[in-house]
Amino acid sequence: MTDAMRLEDAPMPPQFTHLKDFTSSELMGLVDAAIALKKAPPSCKPLAGKSVAFCFMNPSLRTQVSFEVGTVQLGGHAVVLNLGADTWKMESEEGAVMDGAAAEHLKEAVPVLTRYCQAVALRSFPSGKTWEEDRKEPYLTAFKKYSTAPVINMESATGHPCQALADLMTIKERMDPRGKNFLLTWAPHVKSLPMAVPSSAAEIAAAGGMNVTIARPAGFDLDDEVMARVRASCQASGATLRVTDDVQGAFEGQHVVYAKSWGSIVDYNEPLPAAPEFRQAWIVTADKMRRTKDAVFMHCLPVRRNLIVRDEVLDGPWSVVIDQAENRLHTAKAVLLKLMTGDLPR
Amino acid sequence: MTDAMRLEDAPMPPQFTHLKDFTSSELMGLVDAAIALKKAPPSCKPLAGKSVAFCFMNPSLRTQVSFEVGTVQLGGHAVVLNLGADTWKMESEEGAVMDGAAAEHLKEAVPVLTRYCQAVALRSFPSGKTWEEDRKEPYLTAFKKYSTAPVINMESATGHPCQALADLMTIKERMDPRGKNFLLTWAPHVKSLPMAVPSSAAEIAAAGGMNVTIARPAGFDLDDEVMARVRASCQASGATLRVTDDVQGAFEGQHVVYAKSWGSIVDYNEPLPAAPEFRQAWIVTADKMRRTKDAVFMHCLPVRRNLIVRDEVLDGPWSVVIDQAENRLHTAKAVLLKLMTGDLPR
Amino acid sequence: MTDAMRLEDAPMPPQFTHLKDFTSSELMGLVDAAIALKKAPPSCKPLAGKSVAFCFMNPSLRTQVSFEVGTVQLGGHAVVLNLGADTWKMESEEGAVMDGAAAEHLKEAVPVLTRYCQAVALRSFPSGKTWEEDRKEPYLTAFKKYSTAPVINMESATGHPCQALADLMTIKERMDPRGKNFLLTWAPHVKSLPMAVPSSAAEIAAAGGMNVTIARPAGFDLDDEVMARVRASCQASGATLRVTDDVQGAFEGQHVVYAKSWGSIVDYNEPLPAAPEFRQAWIVTADKMRRTKDAVFMHCLPVRRNLIVRDEVLDGPWSVVIDQAENRLHTAKAVLLKLMTGDLPR
């Protein structure tokens, strides 16, 4: 049997790459499993004898360590690869004449990895050239297409679904999210950042039945497709969706404040406004937090202190960012178990 | 007891660094063990409590992941070191006055590693300055000399014996190699590549009893010593050896086509010819494959699509490159077991 | 419960970051445990289910491999992170407005790591700007402050306590250190190196009850606080302390010769004297070793041959540097066991 035949015959393996592939109830099931795993680690080693290839085209701290430790705690082995840095540039386009910088096509690299490993995960940020190109996510798309094993998205141009699971888990540990108020508030930064985290945060909050407010300066709207999905989720659960540039007013009555900086689609990858008064207007402060209904403060980390949010908030009673980061471990384990064993703890 | 005394007393540990150190029958034994390991992984953990240091002076994908996963599947622990990148430049020459860039001598680094780990492996490419210097393989030679534990060559200037085992295994899974026809065909590339893979491929095909044809442009002969060994193996088995620049004719009647680009010894490390008609003459195409006796197409990967070989071949019925890459895992395990336990499965 | 509350409530975890935090008897207990571990590895897996994050801001060979293998041999899992290279620049200063290069504050990074891992270790060299700044060890100090799990110092500006344990262990395997003569001899180098190793070597020799001689050129005195501690230890044990620039005479009657290069505090981070006669005066030679009482020759490695010490010494009967490096493994295990289980083998 040749390789070509083998690829055709294989059924599509399960994948966790985009929130939109899952129902609210499926996502909630993963979160509940993560909460159960946090309380009681599985007594057996469900991933014994299995390896997972974690491929990083961009740097990582929480994502790498939480997935590596989670895999090991389940009895498996984590292979960490800095694709590009440790290896060589990868080609993703079908039919390419490879006489340039790329030394290997993902059409080979991915199936080879999934012969060695029983699942594969990819972190690949947008290139920053055009949003039209970046939203196609060429590397992740190639991983999904060529893999013969489960694929996990560890952050791509359009989303960060593993972060979103940890976000919802952190909320659910503190409140029933249904009908509660979730604010995604844009924040200043020294450079134009990807939209993956804010998009997934808005999607998961809506999927969890929360009323969603997005506070952002004019010109910083999220992708239309993301917003359409958020709107549909809110409609389905009877929740509200609001987009505003009234950053002060937006904090009123919130139960969750989720801060994040991101770049503009219309001025793609251009520097962000940096005037001191603009930064002051959008930074998260204790004064703003006091307008909420005792909201928790969330951020995916890394967070630039006193640029995105003041020390007084991160070091004050509102912050749950360390718990939120810890929950990356438990949700990673839920995703690994679901994809690699088909089974979840209750 | 001092260190100096300890080194003198120790017997030479087993090593898997060059095909020439092994008989055809020993190599075939390793391949048969790998085939057995592919069918049935060992039920016990023969490398439990043992660590292996995998040292990379050059990048790797298949080699790292297959050895790392193979070690873990056998119950051992893999330490992956990017020597140079993660550490500092290493000196290999005896008597050097180390007032330059190198901060450590392999005379210390290697015995230290083999105090921590029960085997050590090295990938070290040629420097590209002169073939006379490169063929001495100063780093691998130092590893062999200073190690107090088994040494594995994960590709050096003169050979890639682990790749060769996977190559022969891939052939043997499909046919009895004895008396079959093996074509090593030179291929275009954007840069001058090492001769390790084609040298080892020719050696292992000859050791397997195959008739060997090498198609290459004038000026691209392999090293004389390699060719002498290939010739001797062919004579011993009653097989034929042919070297030709008739690339079209060379495909006639072949059972295995093995494509690889390599640089010239006479114009050492000079750019390869890049004229479109030259590249077209040497690229592997479906037309060429149709001249064979339903040959399988092999390449060690990474492969530059549409420069070395057309998509129509890699994506067609001939290609076995993914199986060939997978077999790196099984042959790695055979080598580890042989060196570290002295024992092989049957 | 919010993050802020959680940090306040937690008691200080045990740490192994500075020799001065431990009594001579505690240090000797760790060394004795390491000697026991070398003879008989623990039959159970005391670190099963536990992970340790080894964070490197500077390169490492022995430290990484010995801690990684030691952790695995005890049943645990080692996460190796090149902080900076694999991730992003870290901020350590409280109250910083993070609009510069640093993307994350250690106030987040460290507690997150210690939610995933059950201990954390840091290698962080001095910046080389001013000794007044460097001796504050901002990164290590932040790790100690923010960690909710045991912290290990894998070399900081002021000390290398894990190396020191291996040093004393290597001596203790050969002699009762009490009352024996220990020479720390400054050595030439191509650049100005940190004072961590020589400071810790002098401290541990004094803690072990040895008479300490430090031979160094004028202007190369160690930090006053280090010297005060060495002096106090020598006084407590009734041993002598001598500092001299008579490098020839210093070798007379020594039982241990410990060579190391380091930079000057007064001409901080300036190039070292490089005149051939100066280098010849300070290099360790067989002639110098013959002045000793059959001393062993020690160096922490990596060592520049024929600049710090001649081949004739490293390859002669005096050298114990490979044993000394091996002992990093056994002392690492003792430190891990003490911090993570509270228990040591006898």
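Scoring rules and cut-offs
- Residues numbered from 1 in each chain as written.
- Chains lettered and ligands numbered in written order.
- Predicted model: local features only at pLDDT ≥ 70, side-chain atom pairs only at ≥ 80, totals over all residues.
- Helix = DSSP H or I, 4+ residues; strand = E, 2+ residues; numbered from the N terminus.
- Rg over C-alpha atoms; globule rule 2.2 N^0.38 Å.
- Contact = placed C-beta atoms within 7 Å.
- Axes fitted to C-alpha atoms, helices over the stretch in contact; angles between N-to-C directions.
- Parallel < 35°, antiparallel > 145°, perpendicular 65-115°, else oblique.
- Left-handed = near helix turned anticlockwise from the far one by under 90°.
- Nonpolar A, V, L, I, M, F, W, Y, C, P; charged D, E, K, R; others polar.
- Least-squares fit on C-alpha atoms with pLDDT ≥ 70 in both.
- Expected span 1.5 Å × (residues − 1).
- Buried ≥ 20, exposed ≤ 12 C-beta atoms within 10 Å, placed from the backbone.
- Pairing = 2+ DSSP bridges.
- Domains from an automatic or database assignment.
- Right-handed = clockwise from strand over helix to strand, strands pointing away.
- Core = buried A, V, L, I, M, F, W, Y, C linked by C-beta atoms within 7 Å.
- pLDDT = per-residue confidence, 0-100.

Student: Any chance you could explain the overall build of chain A here in plain terms?
Tutor: Across its full length, chain A carries 14 helices and 12 strands. Against the compact-globule benchmark of 20 Å for 346 residues, chain A has a radius of gyration of 20 Å, which places it among compact chains. Of the contacts formed within chain A by residues at least 6 apart in sequence, a portion of 80% connects residues at least 24 apart.

Student: Sorry, what's going on with the packing of helix 8 (residues 196-207) of chain C against helix 9 (residues 224-237) of chain C here?
Tutor: Describing two packed helices takes the angle between their axes plus the distance from one axis to the other. Residue and element names in this part refer to chain C. At a minimum axis separation of 8 Å, helix 8 and helix 9 run at an interaxial angle of 15°. By the angle between their axes, helix 8 is roughly parallel relative to helix 9. For helix 8 against helix 9, the interelement crossing comes out left-handed. For the pair helix 8 and helix 9, contact is made by Ser199, Ala202, Glu203, Ala206 and Ala207 and by Val226, Arg229, Val230, Ser233 and Cys234, respectively. Tallied by class, the residues present in the contact of helix 8 with helix 9 amount to six nonpolar, two polar and two charged.

Student: When you look at the relation of the copies chain C and chain B in this model, what are you seeing that I'm missing?
Tutor: Each of the two chain copies can be generated from the other by rotation about an axis followed by a shift along it. Turning chain C through 120° and shifting it by 0.0 Å along the axis lays it on chain B, with an RMSD of 0.0 Å. In short, the pair behaves as if placed about a three-fold rotation axis.

Student: Sorry if this is basic, but what is going on with helix 14 (residues 321-341) of chain C here?
Tutor: For an α-helix the count is 3.6 residues per turn, leaving residues at separations of three or four pointing the same way. Residue and element names in this part refer to chain C. Between its first and last C-alpha, helix 14 extends 30 Å over 21 residues, near the 30 Å set by a 1.5 Å rise per residue. Within helix 14, 19 of the 21 residues are buried, which leaves the element mostly enclosed by the surrounding structure. Of the residues trailing helix 14, Gly342 is marked for its positive phi of about 75°.

Student: What is the right way to look at the sheet that holds strand 7 (residues 151-153) of chain A in this model?
Tutor: The strands that make up a sheet are held in pairs by hydrogen bonds between backbone atoms, and each pair lies either parallel or antiparallel. Spatially, 1-7-6-2-3 (chain A) is the arrangement adopted by the five strands of the open sheet, whose pairing is parallel. The two strands at the open ends of the sheet, each matched to only one other strand, are strand 1 (15-16) and strand 3 (77-81) of chain A. Both strand 1 of chain A and strand 7 of chain A contribute to a ladder of two bridges, which runs parallel. Opposite Phe16 of chain A, over in strand 7 of chain A, you have Ile152 of chain A as the bridge partner. Strands strand 2 (51-56), strand 3 and strand 6 (119-123) of chain A of the sheet are contacted by helix 3 (residues 62-73) of chain A, whose axis makes an angle of about 155° with strand 3 of chain A. Running at roughly 165° to strand 3 of chain A, helix 3 (residues 62-73) of chain B makes contact with strand 2 and strand 3 of chain A of the sheet.

Student: Explanation requested: the sheet that holds strand 3 (residues 77-81) of chain B in the structure shown.
Tutor: All names here are of chain B. Taken in spatial order, the five strands of this open sheet run 1-7-6-2-3, and their pairing is parallel. Every other strand in the sheet has two partners, leaving strand 1 (15-16) and strand 3 as the edge strands with one partner each. Taken together, the five bridges between strand 2 (residues 51-56) and strand 6 (residues 119-123) define a ladder with parallel strand orientation. By the bridge assignment, Ala53 is partnered in strand 6 with Val120. Across the sheet, helix 6 (residues 138-146) is in contact with strand 1, strand 6 and strand 7 (151-153); its angle to strand 6 comes to roughly 170°.

Student: Would you explain the domain arrangement of chain A in this entry?
Tutor: Note on interface size: it is often stated as the accessible area lost on association of the parts. Residue and element names in this part refer to chain A. When its domains are assigned, chain A resolves into domain 1 (3-159 + 328-341) and domain 2 (175-319). Taking only C-alpha atoms, the centre of domain 1 and the centre of domain 2 are 27 Å apart. In this assembly, 16 residues from domain 1 lie in contact with 14 residues from domain 2. Split into classes, the residues belonging to the side of domain 1 that touches domain 2 amount to six nonpolar, six polar and four charged.

Student: Any chance you could explain the interface of chain C and chain B here in plain terms?
Tutor: Each partner contributes to the interface: chain C provides 30 residues, whereas chain B provides 27 residues. Those elements that place two or more of their residues in the side of chain C that touches chain B are helix 3 (62-73) and helix 14 of chain C. Here the element with the most residues in the side of chain C that touches chain B is helix 3 of chain C; it accounts for seven residues. Grouping the amino acids of the side of chain C that touches chain B by side-chain chemistry returns 17 nonpolar, five polar and eight charged.

Student: Hey, could you run me through the environment of Pro217 of chain B in this one?
Tutor: Tracing the backbone shows Pro217 of chain B in the loop between strand 9 (211-215) and helix 9 (224-237). Every residue in contact with Pro217 of chain B, bar those within four places of it in the chain, is listed here: Trp186 and Asp245 of chain B.

Student: Any chance you could explain the pairing of strand 2 of chain A here in plain terms?
Tutor: The side chains of a regular strand alternate, residue by residue, between the two faces of the sheet. Burial of strand 2 of chain A is extensive: six of the six residues sit out of reach of the surface. Once the chain exits strand 2 of chain A it traverses helix 3 of chain A before rejoining the sheet at strand 3 of chain A, and the crossover so formed is right-handed.

Student: Mind showing me how you'd approach the nonpolar core here?
Tutor: Soluble globular proteins tend to bury their nonpolar side chains together. Within the largest apolar cluster, 346 residues are counted, with the highest numbers of intra-cluster contacts made by Val120 of chain A, Val120 of chain B together with Val120 of chain C. Look past the residues within four positions of Val120 of chain C in its chain and what remains in contact with it is Ala53, Cys55, Val110, Leu113, Thr114, Phe143, Ser147, Ala149 and Val151 of chain C.

Student: In this structure, what is going on with helix 7 (residues 161-172) of chain B? I would like to understand it.
Tutor: Residue and element names in this part refer to chain B. Relative to the 16 Å expected for 12 residues at 1.5 Å per residue, helix 7 spans 16 Å between its end C-alpha atoms, a close match to the ideal helical length. Where burial is concerned, most of helix 7 is hidden: 11 out of the 12 residues are buried. Listed as buried for helix 7 are Pro161, Cys162, Gln163, Ala164, Leu165, Ala166, Asp167, Leu168, Met169, Thr170 and Ile171.

Student: What should I look at first to understand the interface of chain A and chain B in this one?
Tutor: Each partner contributes residues to the interface: chain A has 27 residues there, and chain B has 30 residues. By residue number, the principal contributor to the side of chain A that touches chain B is helix 4 (residues 106-116) of chain A, which donates seven residues. Here the side of chain A that touches chain B is composed, by residue class, of 14 nonpolar, seven polar and six charged.

Student: Is there a simple way to think about unusual backbone geometry in this case?
Tutor: Most peptide bonds adopt trans geometry, and most residues besides glycine take a negative phi value. Residues and elements named next belong to chain B. Along the chain, Leu301 connects to Pro302 via a cis peptide bond; the corresponding omega equals 0°. One can find Pro302 in the loop between strand 12 (296-298) and helix 13 (311-314). Here Glu137, not a glycine, exhibits a phi torsion of approximately 50°, which is positive. When you line up the elements, Glu137 lands in the loop between helix 5 (131-134) and helix 6. Judged by C-beta crowding, with 23 C-beta atoms within 10 Å, Glu137 ranks as buried.

Student: Explain the packing of helix 3 of chain B against helix 14 (residues 321-341) of chain B here, please?
Tutor: Residue and element names in this part refer to chain B. For the pair helix 3 and helix 14, the least separation of the axes is 8 Å and the interaxial angle reads 50°. By the criterion of interaxial angle, the relationship of helix 3 to helix 14 is oblique. Helix-helix and strand crossings are classified by hand; for helix 3 and helix 14 the assignment is right-handed. Between helix 3, through Arg62, Ser66, Phe67, Val69, Gly70, Thr71 and Gln73, and helix 14, the contact on the second element is made entirely by Ala325, Arg328, Leu329, Ala332, Lys333 and Leu336. Partitioning the contact of helix 3 with helix 14 into residue classes produces six nonpolar, four polar and three charged.

Student: Just to check I follow, could you spell out the pairing of strand 8 (residues 181-186) of chain A for this structure?
Tutor: Residues and elements named next belong to chain A. Counted residue by residue, strand 8 has six buried out of six residues, so it is predominantly covered. Burial along strand 8 is two-sided: Asn181, Leu183 and Thr185 and Phe182, Leu184 and Trp186, pointing in opposite directions, are all buried. Across five bridges, the pairing between strand 8 and strand 9 (residues 211-215) is parallel. When the bridges of strand 9 are listed, Leu183 appears paired with Thr213. Where the polypeptide runs from strand 8 across helix 8 (residues 196-207) and back to strand 9, its parallel neighbour, the crossover connection is right-handed. Alignment of strand 8 against strand 11 (residues 256-260), held across five bridges, turns out to be parallel.

Student: What exactly am I supposed to notice about the environment of His160 of chain C here?
Tutor: Residues and elements named next belong to chain C. Along the chain, His160 turns up in the loop between strand 7 (151-153) and helix 7 (161-172). Through-space distance from the C-alpha of His160 to that of Leu193 is 13 Å; in sequence the pair is 33 residues apart. Those residues in contact with His160, other than ones at most four positions away along the chain, are Glu155, Ala196, Val197 and Ser200.

Student: Teacher, can you tell me more about the confidence of the model for chain A here?
Tutor: Predicted confidence across chain A gives a mean pLDDT of 95, with 97% of residues reaching 70 or more. Confidence estimates for the predicted assembly give a pTM of 0.96 and an ipTM of 0.96.

Student: Got a minute to help me understand the environment of Val72 of chain B in this structure?
Tutor: Residue and element names in this part refer to chain B. Structurally, Val72 is set in helix 3. Note on Val72: 20 C-beta atoms within 10 Å, which makes it buried. In the structure, Val72 is positioned 22 residues away from Lys50 in sequence and 10.0 Å away in space, judged by C-alpha atoms.

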